[in-house]
Amino acid sequence: MHRQQSLFDYWTQENNDLVKICKKHEGQKAVGPHLTSDFQKLLRKIQGVPPETDHAQLELSVVYNACICFIAQSQFTEAELLLKQAAERTLQMKGESLCQLDAPIVWMTAVKSVKNTALHRFLLFLPCLQWAIWLATCQLKPIEDFQETSLFEAIIGGVGGEFGEHAKEKFRIVPTLVMDPKRLVELLQICSVIAQGAEKLNEGRGSEALPRLQAASKLPAPKALVAYTHLLSGSCLTHMNCPQMALQCYKKALETDAQCVYALHQSSRIYSELGNAQAEIQALHILHLTLLLPSSAEPSTAGVHLLSPFLLLASQSLKNLLSVPSPLSVLHKLALKCILNIRVPEGVKHYLDLLAALHSEDHHGVKVHSEFSTLPRLPKLYLEAAVALLMAQRPADSMALCTEVIETTLELLPEKLVIEEPEEGSEALTQGMREEGEGTLAVFLWAAAAYLLQGHCYSQLKDWKQAVTHYTRCVNMLVKVHFKRKDVQTEVSKAGRHLSQTADLHILQRLKGLSLAGRGISFSQMDHLKEALRDLQLSLQAVPEGIGAGLWCGEVLWRLDRKREAAARSDVSLPTVGLPLYAQEPSFGPSLDPTELRHRIQKLGPV
Amino acid sequence: MSFILQAVLQFPEEVVDLIESHNKHLLIACSKLHLDNFFLGHISPYSSSADASSGPAELKISSEFCVLGGHGLSSLLLVGSTLLTLGQRNTSWMLTLYKLPQPEQPSSYEMLGSFSLPLLSPVLLDRTETEQTRRSLLICLHSGSPPASNDSYLTHGQFGIQPVLFKLLFGVDAALARSPVLLWGLPDGRLCFLPLHLPGSQIRVLHSLEQPVAFVGASVVGETDPGLAQCLVVVGERGRVVLIRTDRSGSETGGSTAGFAERCVPGPVKCCSVDNNCLYYSTGSDLLRLNLLGSSGREDGAVQMPTTLNVCRIIALVAPTCNPEGGAQLIGLSDRGKLSGIKLPVGEQEVGFYQLPATQVGRSVKDLLSAIGDICERASALKTVIKSQNVSLKRLNQVVNICLLLKSAANTDEHRPIKEKPIRCCATAEWSRLLLKDSLNLTCVLENSSPYTLERGWTLCITVSPLSCSPGEGDETSSTFAFPVINLSPGGALEVSVPVAAAGDAAFPLTVNCWLVFSLLSVLEEEDLESLQSRHFTFPLNSLTVDWLHILREIGPTVSQKSQGSTTDAIEEFVSSRRIDGHKGANGGRENATVYSTSVRVSPEILRDTLKTERFGLGTSDLHLSLLNWLFESHGGVKMGRRGDQDGMRSSEVHARSPNEATVKLSVKEVSRTFPSNSGKEAHVEVQIESSSVAAVCGLHHAVLRRMQVHSVDALNQQILKSPNILERCYVSSAQMNSVLLDVYQKLRENRLLMI
């Protein structure tokens, strides 16, 4: 007996040494696989003797340690096997029959069998490990069931106490554990709440999850996890249409954890929905800066032992909720917002940063591939940057970007592109063909838009002849796209509107209108008034709501001494929303004061 | 070719792939099949360079060289400073990017990111079959030429492909971002790609070969330009060969598309290598060559018959290298570890007939034609320039010759007889009557007896000025005429007519100066001349003097007889005679009118000599007549025009009319004069001039003297004059010498030409 006792001491000592090594390596990331195998070897030795109450405490401690190591290395099946063996041995020890049952029930019987013994507390840790495995493998249903059992309550209530007191009576050396079970339970609790909240939010039942999340935010836990609870509360509130309250939650999340990029991302989205552009730009700016910080990708693990919370929060729905666009996407959005809100110099700076980042060898685009990217296709990005540069009165730079787009796209373009209107019946059949056609159409649009922008550049430089050349190239490019329609009777003017259901075709029509208007304006500057009038009228046919074309048409009519017609031109302007930057009315061409024209027309008197 | 084995490296596990890294390090991927782990060791075998004599050094590589741990690695590639590893892990293929370490920390590889692609289990083959074909399935493609580098490790596995093909296969975005694209084949037959530097890019499948991919490469195929690959070549283990290239004729709308042409060769394919036109592959029992140009993609899926090279057991090949002699060489490794150089048969290295697409041919023909057109245009322009320059040079040559001629003529001898000058001007004075007004016309003849042609650009200038006026004041009284010379060939003559004066207007005698002027304008363009100081070059020809003898009218025995030739003449005669009567007395009434006379005496011997040398070689009896004829003959290049009567010189007395309508009588007679000094008696020929007009008398006297003088100068030149004072004997005897005559005479004597 004494010899056996000393053997137990020896094993306990070995366990404690291993735990010491483990704690020493804690700062480093992963637990070495050799440590796990050492625990396993030790366990095999212990399990070599028949189960007995005396050394069951040691055995359970080693099982706990080994399991934690397995879980930390994502070897869940091995951990589960160990747990099952431990439960079986406990039951064997008490002489109870082993029946194939679900894990919770096995545990309950096992715990019941050792009730009122010193082992009771020890045995309570092990279901926690099962809980951790469920959580890490995203099995939320067993967790819910488990949380309803009495065992769960016992765990919540019992684990908190001092477990070492009883042990001290029997052993001279207490077997130490790699992780404090109390901490583990706390971690499991908050992670469960977060995982379940995310799941509910994903299912659209955000309001149900909100109270639990708000309660969980007061639990003791690492600050990153507390920030997550605030975040998820905010998301719930967003779903419940309480943007201001959601903003409050995000603010709390940020206060808790300053690196909570997701809160910034969500805030910017809410500001965008609220129409607060300046605040949105601010939020995006901070978000971008935060994303560029080196540690932003991996939240802080300080205060968490061995088991990382992120191991336990592996659910896909949470990952979806917590995903943040890549820094480049944020930068693009920021640049676009700046341009749209007439903060041109800032926007230009951001666009240039973006282009520089795209061409640098080691950007972070590949570093964290889980981030989603909302970056538009590169030609589109180039064209947007070109518009920004044009707005910033840098036509030469703008032209260089356009030239690059043209050079890249031009050789891919066919002589003509025929786009067929899909028939109702055979839609599925032609889907592939249509997709291909639309891909080519997009390339057409990029090239045409690049020519259009070059035309704008030249007209900004007051080189009207070159401007006419480039506008003409744009028009020539656009007329290569043909629409094949069955309904031949429909008038031409309606055709555009009918086909512009798809966004691309709408853009095509706009580009046509803008290029013709640009050419008309250039002609009028060169005093070719007849050609100018022709182009402006064609432009108005393509895009009836064109403001510049309408104004200039009136002006040209006036100059041609057709004052009555000029007066009859009423300038109707409709807002253009949802179009790409380059398909919008240029705000930088030769300007014309509409009030002056109106004034003149009023002087003309009634017709 | 000989190889020297320098070192043997022994690894604890099977080597799957190896690449050269910076600082001549090797990166080696090992995989132990059963344990599914690998280590990546880097060693520098070059540092322990063993002597070739002492045999290869054996190096045992243990796990302490391991720099990265992982599972199932199969390929390595270096792109710039990024290390890429491709490997199988659990249920997916992982492409992992590492940043190459700094030289001071050679073993710290920082992971940049990783991409995963799910494994397709059904097509997965057992490892023993695929183990040989893991090598070099990962390549990197660049649009345009890959970044140039001197280090071979940076160019390994890097290919530059045609930008169009790049864009068609990998999209516009990758081309715009100038991102290299990774391309690799998997044992399940998929051909995957990933743009390396494009944010948000994901692994995509380009094509599926439906058999394990044995080789991925790029070839220029048929193009002579070695820079850019036109074609991607993918070979499957069971012999499917896919050529991916730009297909311009594919779409009827004229756009380019990526064309995938499939062919089949008898497998199994163990290893491959590709050069410009051929694919070399080993089946393990034979090494075969397939001409990629053979059939241009039309026979899809058809079995191609490669030619055998009769080399067996090859399990690895290095791309062929070309010798300067034109032969190509392959380096192959056999499964027994034998490295051998394989020389390829040259004879069969024929370049296959490769057809360019019709549009491309059309375009290049167009290009060539337009280039030819351009060159032709330029050549013809140059030709015309050269031609015109040649013509100009020829003309300038003529001009320079003429200039030299004229200049030397002007320099050598002022007094050379006009007849001897190669280019000279002669004149004929002639009276004409126009609109009831008599006027004197001078017909000048430019004679060219030089061997050169006077071409365009030359102008004959004739200045007519009275002899009496000094050069300075000649501006008002002199007049200049210019006649362009058009092609006066050697021996030719140019005849021009110059109106000299109306009757009574001009002051005779007249000096006629002839010039030849050359203008550079005819040779050079206006703008070329701007820098020149003078555009015209003036060369004096000869001067002519038109004296009173030349301008006498109606010369004959009697004036009155001749003047009645026509009624108008008669009337004129009548009027003028009446007027003269009123002033000075009757026309012929010498006795009652004031008649001025003067005479010149000449020694008959000299006269005879002179006349003999001239063509008036008449007898002594006719000396008077000869003298008269001689006087009226041409002198100093000036001839008299139509005479009143050619046969008129029969008597020794000639009557004529002077321009100022005065009657003039010239008579020649013999006089003898006694010299008191040597008391000898000498006979002289005396020319007597009589007229009612003092101007006519003076003028004629001057003219006669001038001829005598010119003649005597000639005589002086030819023979030494025996009697030095021929001309001194001339004296003026006048019945009524008055002060007017004296004055005129004085003036005439002052003229240099007289030089008495």
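Procedures and definitions
- Residues numbered from 1 in each chain as written.
- Chains lettered and ligands numbered in written order.
- Predicted model: local features only at pLDDT ≥ 70, side-chain atom pairs only at ≥ 80, totals over all residues.
- Heavy atoms only, no water.
- Helix = DSSP H or I, 4+ residues; strand = E, 2+ residues; numbered from the N terminus.
- Buried < 20%, exposed > 50% of the residue type's maximum accessible area, 1.4 Å probe, protein only.
- Contact = heavy atoms within 4.5 Å.
- Areas by Shrake-Rupley, 256 points an atom, 1.4 Å probe, with all protein chains shown as cover.
- Salt bridge = Lys/Arg side-chain N within 4 Å of Asp/Glu carboxyl O.
- Pairing = 2+ DSSP bridges.
- Axes fitted to C-alpha atoms, helices over the stretch in contact; angles between N-to-C directions.
- Expected span 1.5 Å × (residues − 1).
- Patch = residues over 30% accessible without salt bridge, like charges linked within 9 Å, V, L, I, M, F, W, Y side chains within 5 Å.
- pLDDT = per-residue confidence, 0-100.
- Core = buried A, V, L, I, M, F, W, Y, C linked by side-chain atoms within 4.5 Å.
- Arc of directions from axis to C-beta.
- Phe/Tyr/Trp six-rings, centres within 6.5 Å; stacked < 30°, edge-to-face > 60°.

J.: Is there a simple way to think about the overall build of chain A in this case?
T.: A tally of helices and strands in chain A yields 29 helices and two strands. Buried residues in chain A amount to 49% of all 607 residues. Once local pairs closer than 6 in sequence are excluded, the contacts in chain A between residues at least 24 apart make up 71%. By element, 53% of the accessible surface of chain A is carried by carbon and sulfur atoms, the whole surface being about 28,900 Å².

J.: Explanation requested: the side chain of A:H288 in the structure shown.
T.: Residues and elements named next belong to chain A. With respect to the secondary-structure elements, H288 resides in helix 15 (residues 277–292). The buried category is assigned to H288, whose relative accessible area is 11%. Once residues within four sequence positions are removed from consideration, H288 is found in contact with P327, V330 and L331.

J.: Where do I start with the pattern of salt bridges in this structure?
T.: Should the charged atoms of two oppositely charged side chains come close, the side chains can pair. Residues and elements named next belong to chain A. By the definition in use, this model includes 14 salt bridges over all chains. Across the pair D535 and R534 runs a salt bridge whose closest N-O atoms are separated by 3.3 Å. Owing to a relative accessible area of 0%, D535 belongs among the buried residues under this scheme. Given the relative accessible area of 42%, R534 is considered partly exposed. As a salt-bridge pair, R559 and E555 come within 3.1 Å of each other at their nearest N and O atoms. Note that R559 and E555 are positioned in helix 27 (residues 547–559) at a spacing of four residues, about one turn of the helix. Note on E555: relative accessible area 7%, which makes it buried. Members of the salt-bridge network, linked through shared partners, are R519, R534 and D535.

J.: Can you help me understand the sheet that holds strand 8 (residues 82–89) of chain B in this one?
T.: Within a beta sheet, neighbouring strands are joined by backbone hydrogen bonds and run either parallel or antiparallel to one another. All names here are of chain B. Pairing in this open sheet of four strands is antiparallel, and the strands run 7-8-9-10 from one edge to the other. With one partner strand each, in any of the chains shown, strand 7 (73–79) and strand 10 (110–118) form the two edges of the open sheet. With strand direction ignored, the average angle separating the axes of adjacent strands in the sheet is 20°.

J.: Can you walk me through the sheet that holds strand 33 (residues 536–546) of chain B in this structure?
T.: Residue and element names in this part refer to chain B. The sheet built from four strands is open, its strands ordered 30-29-32-33 with antiparallel pairing. The strands lining the two open edges of the sheet, one partner per strand, are strand 30 (479–484) and strand 33. Direction aside, neighbouring strands of the sheet carry axes that sit 20° apart on average. Inspection of the sheet shows strand 32 (residues 510–519) paired to strand 33 by nine bridges, in the antiparallel sense. Counterpart to S519 in the pairing with strand 33 is H536.

J.: Looking at this structure, how should I read helix 12 (residues 223–239) of chain A?
T.: An α-helix turns once every 3.6 residues. As a result, residues three or four positions apart point the same way. All names here are of chain A. Between its first and last C-alpha atoms helix 12 spans 24 Å; for 17 residues at 1.5 Å apiece the expected length is 24 Å, and the two agree. When you tally the buried positions in helix 12, you get 14 out of 17 residues, the bulk of the element. Downstream of helix 12 by one or two residues, N241 has phi in the positive range, about 60°.

J.: So what exactly am I meant to see when it comes to the pairing of strand 26 (residues 339–343) of chain B here?
T.: The side chains of a regular strand alternate, first on one face of the sheet and then on the other. Residue and element names in this part refer to chain B. Sheet topology places strand 25 (residues 328–334) next to strand 26; five bridges connect them, and they run antiparallel. Opposite G332, over in strand 26, you have S340 as the bridge partner. In textbook terms, the turn of a hairpin is the stretch between consecutive antiparallel strands, and for strand 25 and strand 26 this stretch comprises four residues, one of which, G337, has a positive phi near 85°.

J.: So what exactly am I meant to see when it comes to a nonpolar patch on the surface here?
T.: Nonpolar side chains collect at one region of the surface, where B:V361, B:V365, B:L369 and B:I372 lie side by side and expose about 350 Å² of accessible area between them. Examined against the element boundaries, B:L369 turns out to sit in helix 5 (residues 358–412).

J.: Looking at this structure, I do not really get the confidence of the model for chain B. What am I missing?
T.: Residues and elements named next belong to chain B. Averaged over chain B, the pLDDT score is 70; the fraction of residues at 70 or greater is 63%. At the level of individual helices and strands, chain B shows its lowest average pLDDT in helix 8 (residues 559–563), which scores 43, and its highest in strand 13 (residues 181–185), which scores 89. Overall fold confidence for the complex sits at a pTM of 0.60, while the interface term, ipTM, reaches 0.70.

J.: Is there a simple way to think about unusual backbone geometry in this case?
T.: Trans peptide bonds make up most of the peptide bonds, and negative phi angles are found at most residues other than glycine. Residues other than glycine seldom take positive phi values, yet A:D527 does so here, at roughly 65°. Among the secondary structure elements, A:D527 is positioned in the loop between helix 25 (503–525) and helix 26 (529–542). Phi at B:N310 takes a positive value of approximately 60°, unusual for a residue other than glycine. Along the chain, B:N310 falls in the loop between strand 23 (307–308) and strand 24 (314–322).

J.: So what exactly am I meant to see when it comes to the nonpolar core here?
T.: Side chains of nonpolar character tend, in soluble globular proteins, to be buried together. Judged by nonpolar contacts, the single largest core of 167 residues is most densely connected at A:F39, A:Y64, A:L126, A:L129, A:Y351 and A:L511. No other element matches the 15 residues that helix 22 (residues 427–460) of chain A contributes to this core. By size, the runner-up hydrophobic cluster in this structure holds 64 residues, among which are B:V399, B:C425, B:V496 and B:L516.

J.: Would you mind showing me how to read helix 19 (residues 344–359) of chain A here?
T.: All names here are of chain A. Compared with an ideal rise of 1.5 Å per residue, which puts 16 residues at 22 Å, helix 19 spans 23 Å between its outermost C-alpha atoms and is within 8% of the ideal. Inspection of helix 19 places V344, G347, V348, H350, Y351, L354, L355 and L358 among the buried residues, and these make up the whole buried set. Angular distribution of buried residues about the axis of helix 19 spans 165°; they occupy a single face of the element. Those residues of helix 19 that are buried are in contact with helix 15, helix 18 (327–340), helix 20 (378–391) and helix 21 (395–410).

J.: Help me understand the packing of aromatic side chains, please; the structure alone is not making it clear to me.
T.: What characterises a pair of aromatic rings is the spacing of the ring centres plus the angle enclosed by the ring planes. All names here are of chain B. A complete count under the given rule lists four aromatic pairs over all chains for this structure. Seen in terms of ring centroids, F166 and F170 are 5.2 Å apart; in terms of plane orientation they differ by 75°. Their pairing is edge-to-face. Here F170 and F166 lie together in helix 3 (residues 163–170), a separation of four residues that amounts to about one turn. Each member of the pair F166 and F170 is classed as buried. A connected cluster of aromatic rings, assembled from ring pairs, spans F166, F170 and F193.

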